[in-house]
Amino acid sequence: GCTEFVRSSYDAGTNLVRNGSFEESATLASGQTDFYGWEITGGTGTLNTTDGFIGSSLALTDGAAVAQTYSPPATPAGVLVGSAVGSRTFTLSFASKLCDDNTAIAFDAVQQQITDLLAPGTDIADWQANDMPAWRRYSLTYTFPTASSQTIIPLELTADGAGCLLDAIQVEEGATD
């Protein structure tokens, strides 16, 4: 059997997000797309099969929010981690394209805009002209307070900009390099 876990690249850990690349979806009778494991509110989300960081991507309308969900519906929405998160560190990472500077990320108690995830001193106008129109990975790491007993981490991204594309959403335990 296995005796050691060897990470082959920076993002090859165990991804706790279900359907993080939005590959599992179905078109409903209403014409809306249902993305397994995700709820879209405040706008619409469509599957973009021609432009993805890895395969397909999720295209959101301006102001639309996508949140990781769980079944049954009575269960709090979020990423299921299995045991209490107290004193544990988790890293959220995702790829985006065409998501403007007010795109919001909510990862449990952490509330940030996409520009908060840029290197300090980044020129926002330069980022908007050169980086935002291309696929780019973003990440944030959060260590939960010792007393946290929750087993689900709330996760939601809210688009700023028409046609905001998201792909390869991951939550991994530990800090990434």
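**Q** I would appreciate a short explanation of the nonpolar core in the present structure.
**A** The nonpolar side chains of a soluble globular protein tend to be buried, and buried together. Among the nonpolar cores identified, the biggest contains 35 residues, and Leu92, Phe94, Phe107, Leu155, Leu166 and Ile169 are the most heavily contacted of them. Going through the elements one at a time, β5 (57-60), β8 (89-97), β9 (104-107), β11 (136-143), β13 (155-158) and β14 (164-173) are the ones with two or more residues in this core. Element by element, the count of residues in this core is highest for β14, at 4 residues. Once residues lying within four places of it in the same chain are set aside, the contact partners of Phe107 are Phe90, Leu92, Leu140, Tyr142, Ile153, Pro154, Leu155 and Val171.

**Q** In this structure, what is going on with the side chain of Thr69? I would like to understand it.
**A** Mapped onto the elements, Thr69 comes out in the loop between β6 (65-68) and β7 (79-80). Classification of Thr69 as buried rests on a relative accessible area of 18%. Dropping the residues within four chain positions of it, Thr69 is found in contact with Arg18, Gly37, Trp38, Glu39, Ala77 and Gly78.

**Q** Please clarify how the packing of aromatic side chains should be interpreted in this entry.
**A** By convention here, two paired aromatic rings are described through the distance between centres and the angle between planes. Summed over the entire model, instances satisfying the criterion amount to 6 aromatic pairs. A centroid spacing of 5.2 Å and a plane angle of 40° characterise the contact between Phe22 and Trp38, whose relative ring orientation is tilted. Remark: Trp38 occurs in strand β3 (residues 38-41) and Phe22 occurs in the segment before β1 (25-27); sequence separation between them is 16 residues. For the pair Phe22 and Trp38, a shared accessibility class is recorded, and that class is buried. Judged by centre distance (4.7 Å) and plane angle (70°), the rings of Tyr142 and Phe144 are edge-to-face. For the pair Tyr142 and Phe144, one class covers both residues: buried. Taken together, the ring pairs in this structure connect Phe22, Phe35 and Trp38 into an aromatic cluster.

**Q** Explain the state of the cysteines here, please?
**A** Here is the idea: a disulfide is a covalent bond, and it sits between the sulfur atoms of two cysteines. Counted under the stated rule, the structure contains 1 disulfide. Each sulfur in the disulfide pair Cys99 and Cys164 lies 1.9 Å from the other. Because the torsion about its S-S bond is 85°, the bridge between Cys99 and Cys164 counts as right-handed. Here Cys164 lies in strand β14 and Cys99 lies in the loop between β8 and β9, a separation of 65 residues in the sequence.

Rules used in this analysis
Residues numbered from 1 in each chain as written. Predicted model: local features only at pLDDT ≥ 70, side-chain atom pairs only at ≥ 80, totals over all residues. Heavy atoms only, no water. Core = buried A, V, L, I, M, F, W, Y, C linked by side-chain atoms within 4.5 Å. Buried < 20%, exposed > 50% of the residue type's maximum accessible area, 1.4 Å probe, protein only. Helix = DSSP H or I, 4+ residues; strand = E, 2+ residues; numbered from the N terminus. Contact = heavy atoms within 4.5 Å. Phe/Tyr/Trp six-rings, centres within 6.5 Å; stacked < 30°, edge-to-face > 60°. Disulfide = S-S within 2.5 Å.

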